[in-house]
Amino acid sequence: MKRKNIEISREELDRQLEIIARVRDINSARSDQPLAFVDTYGCQQNEADSEKLRGMLSEMGYGFTRSEKEADVIVINTCAVREHAEMRVFGNIGALTHTKRAKPDQIIALCGCMAQRPGVAERVKRSFRHVDLVFGPHVLWQFPQFLYEILSKRKRIFSTEDSDGVIAEGIPALRDGGVKAWLSIMYGCNNFCSYCIVPYVRGRERSRRPELIIEDAKKLIADGAKDITLLGQNVNSYGKDLEENIDFSEIIKRVNDLEGDFLIRFMTSHPKDAGDKLFETIANCEKAAHHIHLPFQAGNDRILKVMNRHYNREEYLRLIESARRYIPDVVLTSDVIVGFPGETDEEFEDTLSLIEQVRFDSLFTFIYSPRPGTPAAEMPDPFTREQKQVRFDKLLDLQNRISSEKHASYVGSTRRVLVDGLTNDEIYPLSSRTNGGRLVHLSGDKSLVGSYVDAEIIDSNTWALYGKCR
Ligand code: SAH
Ligand code: SF4
Ligand code: F3S
């Protein structure tokens, strides 16, 4: 199947570059450098988008701050996956009336997944009159033009039209210079899990061209990246929409073949299309980290079916078995939802027993949050928040016990870790990650940030390991 032309044309992107130059001229006429603050909520795709927002802002002459008071431009890059995250954003933009009063020229922009949700732009237009700009993920590449129009005409802009999504290549990105890097290989999602808002706000699955992914990977490596995460809502679908016959395993192989000392990770793979080929590729590619994040969401077959996940408990368990056969030391992490509409206590017990059976290294745990417009939000939900909280606490207790047992088994061993940052701890001033992605607080010299070291693991708890450099 030939895909529709979803790539933004060179001419359109060049026009944005021209506008970037115009804004840079406006800003360089000022006596002081204007500052921008990009605040990011949500997942790694949003982190990657924020790197592009910062890249465009930097090219337009902005410096950066984390102070809302100081900022000339505030961009809030939002997440819509759960209600709680949205409430926080509304709270935060409400508080910005004060900064805007003190600094009337301040430009406040709201973007990301929440901006794309029906009704949100209208609400902001009506009730948050100090917000100048609302734009969805599909028009991120037009940010320079929006900013230019606001600077030159002082009008409010709302751009959140529904779309299946586009691919805009060549947008400048600004990383924080660390060893960890994000690399988007595809965008969007076709799965429509019944609880999830992502497909509605991020459009359909679309893969970037492999040669552009490899070009970006080379740049990241040259820029000092040593831990590269390939991003997509479901990376196993990579390539299905391309004319070229290529899949996700092939992308791992091509990145693995690049020169350099770095690790390859990926987020997220959906169990319905994970399998032996992927596990074998990870086992055979020496740069592929021995870590798989494989969200299971629920352990009960009826719930998995109404969630529209396209696998059952047994199939999931078989996958885990196969992953461990190919990669015996694989670190397994997952996402789980507690309190899906109508989930009974017995069905929840199946989630607990699956966790016992798999023994994940760690879990991201969520209480179900109804998202308007998704099928699950229409399903009867007889259980109270309190009942769900009791289950949630029980699940956390179980996983915390497993995580702490798993971590304890590292004590006494020596692991090669990548030192990725500093902490505030005097005894353990370094933070680092094992190949499997476990956090190691490390004693050692600050100059080690950015390098691989052999760490002797001397202590552990539920959340982390503690080590010293050998
Ligand atoms: N594409 C990824 C998940 C992206 S969202 C995947 O399918 O694996 C990250 C996680 O948020 C999901 O795995 C799910 O556990 C959780 N989540 C999504 N929608 C939710 C909702 N409505 N309520 C609670 N948790 C939700
Ligand atoms: Fe949401 Fe499911 Fe798509 Fe993940 S695979 S983003 S949970 S719809
Ligand atoms: Fe949130 Fe959008 Fe990511 S909804 S989880 S920021 S794709």
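Residues numbered from 1 in each chain as written. Chains lettered and ligands numbered in written order. Predicted model: local features only at pLDDT ≥ 70, side-chain atom pairs only at ≥ 80, totals over all residues. Heavy atoms only, no water.

1. Observations concerning the overall build of the protein chain
Argument step 1. Tallying secondary structure elements over the protein chain gives 14 helices and 19 strands in all.
Argument step 2. The principal-axis extent of the C-alpha atoms belonging to the protein chain is close to 60 × 55 × 50 Å.
Argument step 3. The buried share of the protein chain, taken over its 470 residues, is 56%.
Argument step 4. Within the protein chain, contacts between residues separated by at least 24 positions form 76% of all contacts whose residues are at least 6 apart in sequence.
Argument step 5. For the protein chain, the computed accessible surface area is about 20900 Å², with 49% contributed by carbon and sulfur atoms.
Argument step 6. Of the charged side chains in the protein chain, 65 are positive and 71 negative; the average position of the first set lies 3 Å away from that of the second. (Helix = DSSP H or I, 4+ residues; strand = E, 2+ residues; numbered from the N terminus. Buried < 20%, exposed > 50% of the residue type's maximum accessible area, 1.4 Å probe, protein only. Contact = heavy atoms within 4.5 Å. Areas by Shrake-Rupley, 256 points an atom, 1.4 Å probe, with all protein chains shown as cover. Lys, Arg positive; Asp, Glu negative; His and termini not counted. Charge placed at Lys NZ, Arg CZ, Asp CG, Glu CD.)

2. Here we look at the packing of aromatic side chains
Argument step 1. Scanning the entire structure with this criterion turns up twelve aromatic pairs.
Argument step 2. Ring geometry for Phe135 against Phe146: centres 5.6 Å apart, planes inclined by 50°, an arrangement best described as tilted. With Phe135 in strand 5 (residues 133–135) and Phe146 in helix 6 (residues 143–153), this residue pair connects regions lying eleven residues apart in the sequence. One exposure class covers both Phe135 and Phe146, and it is buried.
Argument step 3. Residues Phe248 and Phe266 carry aromatic rings whose centres are separated by 5.2 Å and whose planes lie at 75° to one another, so their mutual orientation is edge-to-face. Placement of the pair is Phe248 in helix 9 (residues 248–256) and Phe266 in strand 11 (residues 263–267), with a sequence separation of 18 residues.
Argument step 4. By relative accessible area, which is 3% here, Phe248 ends up buried.
Argument step 5. The rings of Phe296, Tyr311, Tyr316 and Phe360 are connected pair by pair, giving a single aromatic cluster.
Argument step 6. Note that Arg416 overlies the ring of Tyr452, its terminal NZ or CZ placed 3.9 Å from the centroid. (Phe/Tyr/Trp six-rings, centres within 6.5 Å; stacked < 30°, edge-to-face > 60°. Lys NZ or Arg CZ within 6 Å of the ring centre and 35° of its normal.)

3. What to know about unusual backbone geometry
Argument step 1. Note that the residue after Met267, namely Thr268, is joined by a cis bond; omega there is -10°.
Argument step 2. Mapped onto the elements, Thr268 comes out in the loop between strand 11 and helix 10 (276–284).
Argument step 3. Even without being glycine, Gln297 reaches a positive phi, approximately 70°.
Argument step 4. Assignment of secondary structure puts Gln297 in the loop between strand 12 (291–293) and helix 11 (301–306).

4. Things to note about the packing of helix 8 (residues 210–222) against helix 9
Argument step 1. It is at 10 Å that the axes of helix 8 and helix 9 come closest, and there the two elements cross at 35°. The crossing of helix 8 and helix 9 is right-handed. Facing Pro210, Ile213, Ile214 and Ala217 of helix 8, the residues of helix 9 in contact are Ile251, Arg254 and Val255.
Argument step 2. For the contact of helix 8 with helix 9, the residue count by class is six nonpolar, no polar and one charged. (Axes fitted to C-alpha atoms, helices over the stretch in contact; angles between N-to-C directions. Left-handed = near helix turned anticlockwise from the far one by under 90°. Nonpolar A, V, L, I, M, F, W, Y, C, P; charged D, E, K, R; others polar.)

5. A short note on the site of ligand 2
Argument step 1. Every residue near ligand 2 is listed here: Cys189, Asn191, Phe192, Cys193, Tyr195, Cys196, Val198, Pro199, Gln233, His270 and Arg309.
Argument step 2. Its residues assigned to classes, the shell around ligand 2 shows seven nonpolar, three polar and one charged. (Near = heavy atom within 4 Å.)

6. Details of the nonpolar core
The tendency in soluble globular proteins is for nonpolar side chains to be buried as a group.
Argument step 1. Grouped together as the largest cluster of nonpolar side chains are 69 residues, with contacts concentrated most on Leu230, Phe248 and Ile292.
Argument step 2. Filtering out sequence-adjacent residues up to four positions away, Leu230 remains in contact with Leu183, Ile185, Val235, Phe248, Ile251, Ile252, Ile264, Arg265, Phe266 and Met267.
Argument step 3. Membership of the second largest hydrophobic core comes to 29 residues, among which are Ile8, Val73, Ile107 and Phe146. (Core = buried A, V, L, I, M, F, W, Y, C linked by side-chain atoms within 4.5 Å.)

7. Let's talk about the sheet that holds strand 7 (residues 180–184)
Argument step 1. Pairing is parallel across the open sheet formed by three strands, whose spatial order is 7-10-11. Edge positions in the sheet fall to strand 7 and strand 11, since each has one partner strand and no second. Taken pair by pair, the neighbouring strands of this sheet meet at an average axis angle of 25°, ignoring direction.
Argument step 2. Pairing geometry for strand 7 and strand 10 (residues 227–231), over five bridges, is parallel. Bridging across to strand 10, Leu183 finds its partner in Leu230.
Argument step 3. Docked against the sheet, helix 9 engages strand 10 and strand 11, running at close to 155° with respect to strand 11. (Pairing = 2+ DSSP bridges.)

8. Here's the deal with the sheet that holds strand 19 (residues 465–469)
Argument step 1. Around the barrel, five strands lie side by side as 15-16-17-19-18; this closed barrel has mixed pairing. Shown here is a sheet whose adjacent strand axes are inclined to one another by a mean of 50°, direction ignored.
Argument step 2. Sheet topology note: the strand 17 (residues 439–443)/strand 19 ladder contains four bridges and is parallel. Paired with Val440 across the bridge in strand 19 is Leu465.

9. Observations regarding the pairing of strand 1 (residues 35–40)
Argument step 1. Burial analysis of strand 1 places five of its six residues in the buried class, the great majority of the element.
Argument step 2. With helix 2 (residues 44–59) bridging strand 1 and its parallel neighbour strand 2 (residues 63–64), the resulting β-α-β unit is right-handed. (Right-handed = clockwise from strand over helix to strand, strands pointing away.)

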